[in-house]
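Observations on the three-dimensional arrangement
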Amino acid sequence: NAGVMQNPRHLVRRRGQEARLRCSPMKGHSHVYWYRQLPEEGLKFMVYLQKENIIDESGMPKERFSAEFPKEGPSILRIQQVVRGDSAAYFCASSHRRAGVPTDTQYFGPGTRLTVL
Amino acid sequence: RKEVEQDPGPFNVPEGATVAFNCTYSNSASQSFFWYRQDCRKEPKLLMSVYSSGNEDGRFTAQLNRASQYISLLIRDSKLSDSATYLCVVNRENAGNNRKLIWGLGTSLAVNP
């Protein structure tokens, strides 16, 4: 049972370009969470998605950031017109559903390290 | 006040020592509690869930005190490989069964030879 997969592991972009980060949850998991971690700082929740639905995007910046989790394929975190301050590690986690309520245990992917030049 | 608070450390201990971390949380309705560890530049990994009765996994013991709203992690016989940041995680119940995990900033542990 493969774990949470993220790609790319490292991504370099110039200011103003777009960054697309992909996350494939663990097999059988239908809940995906994205987190950002700045250097020397803690994890910051960004968004929680189920298939085709955004459940909680309270941690997403209002502009330039979007996320989706389509019926088929991985979840995508998209950052438009990147700025230097977007440089960070972006982690994806997944969890599974039990009796109509998502369990809380989250399993993390290895992260994507975004560097904006 | 932060929802989940931890002493950032660093805790520097010799091999073989026993070390304990505490974490306080502010939401009395929280139901799920976890300890994760995060190695430098790696993803967080689940160390253990914390149950009301307390639980033990080898050298690691987790306790929950609901009345005082804190959880603890005890590491006995520390190994060099225990050096990491330990993250305290507590759930928050939102509307519509949307339960969000709230993450502490972590406690840094360095085990020295």
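See the structure shown above.
Read on for a plain summary of the structure. Computed from a prediction, not measured in an experiment: that's the story for all the values here. (Residues numbered from 1 in each chain as written. Chains lettered and ligands numbered in written order. Predicted model: local features only at pLDDT ≥ 70, side-chain atom pairs only at ≥ 80, totals over all residues. Heavy atoms only, no water.)

Considerations on the overall build of chain A
The condition that has to hold: Helix numbers and strand numbers start at the N terminus; a helix is a DSSP run of H or I with at least 4 residues, a strand a run of E with at least 2. Note on method: radius of gyration uses C-alpha positions; expected globular size equals 2.2 Å times residues raised to 0.38. Residue burial is assigned from relative accessible area. The probe radius is 1.4 Å, only protein chains are included, and a residue is buried under 20% of its type maximum, exposed over 50%, and partly exposed in between. Here, two residues are considered to be in contact whenever any of their heavy atoms come within 4.5 Å of each other. Residue burial considers only the protein chains on display, and all accessible areas are found by Shrake-Rupley using a 1.4 Å probe.
Helix and strand counts for chain A stand at zero helices and 13 strands. In terms of overall dimensions, chain A is globule-like: its C-alpha atoms have a radius of gyration of 14 Å, near the 13 Å expected for 117 residues. When the backbone C-alpha atoms are referred to their principal axes, chain A occupies close to 45 × 30 × 25 Å. For chain A, with 117 residues in total, the buried portion stands at 47%. At a minimum sequence separation of 6, the contacts of chain A that also span at least 24 residues come to 55%. With the model as given, the accessible surface of chain A reaches about 6000 Å², and the carbon-plus-sulfur share is 46%.

Some words on the nonpolar core
Heads up, the condition is: Here, nonpolar core refers to any group of buried Ala, Val, Leu, Ile, Met, Phe, Trp, Tyr and Cys residues whose side-chain atoms link them within 4.5 Å.
Counting 25 residues, the largest nonpolar core has B:Phe21, B:Trp35, B:Ile71, B:Leu73, B:Ile75, B:Tyr86 and B:Leu109 as the members making the most contacts within it. At the level of elements, strand 3 (19-25), strand 4 (33-38), strand 5 (44-49), strand 7 (60-65), strand 8 (70-75), strand 9 (84-93) and strand 11 (107-112) of chain B are the ones that each hand at least two residues to this core. Each residue touching B:Ile71, except ones within four places of it in the same chain, is listed here: B:Phe21, B:Asn22, B:Cys23, B:Tyr25, B:Phe33, B:Phe34, B:Trp35, B:Val50, B:Gln63, B:Leu64 and B:Cys88. Counting 23 residues, the second largest nonpolar core, distinct from the first, contains A:Ala19, A:Met46, A:Ile79 and A:Tyr90.

Focus on unusual backbone geometry
Of note, the bond from A:Asn7 into A:Pro8 is cis; its omega dihedral lies within 30 degrees of zero at 0°. Note that A:Pro8 resides in the loop between strand 1 (5-7) and strand 2 (10-13). Geometrically, the link from B:Gly9 to B:Pro10 is a cis peptide bond, its omega value of 10° lying close to zero. Relative to the helices and strands, B:Pro10 is located in the loop between strand 1 (4-6) and strand 2 (11-14). Phi at B:Gln69 takes a positive value of approximately 60°, unusual for a residue other than glycine. Tracing the backbone through its elements, the reader meets B:Gln69 in the loop between strand 7 and strand 8. Classification of B:Gln69 by relative accessible area gives buried; the value is 18%. The backbone of B:Asp77 sits at a positive phi, close to 50°, despite the residue not being glycine. By secondary structure assignment, the location of B:Asp77 is in the loop between strand 8 and strand 9.

What to know about the state of the cysteines
Residues and elements named next belong to chain A. The condition is simple: Put simply, a disulfide is two cysteine sulfurs that come within 2.5 Å.
Applying the stated criterion to the full structure yields two disulfides over all chains. Sulfur-sulfur distance for the disulfide between Cys 23 and Cys 92 comes to 1.7 Å. Residues Cys 23 and Cys 92 are joined through a disulfide that is left-handed, its torsion about the S-S bond being -50°. With Cys 23 in strand 3 (residues 19-24) and Cys 92 in strand 9 (residues 88-95), the pair connects residues that are 69 residues apart, well separated along the chain.

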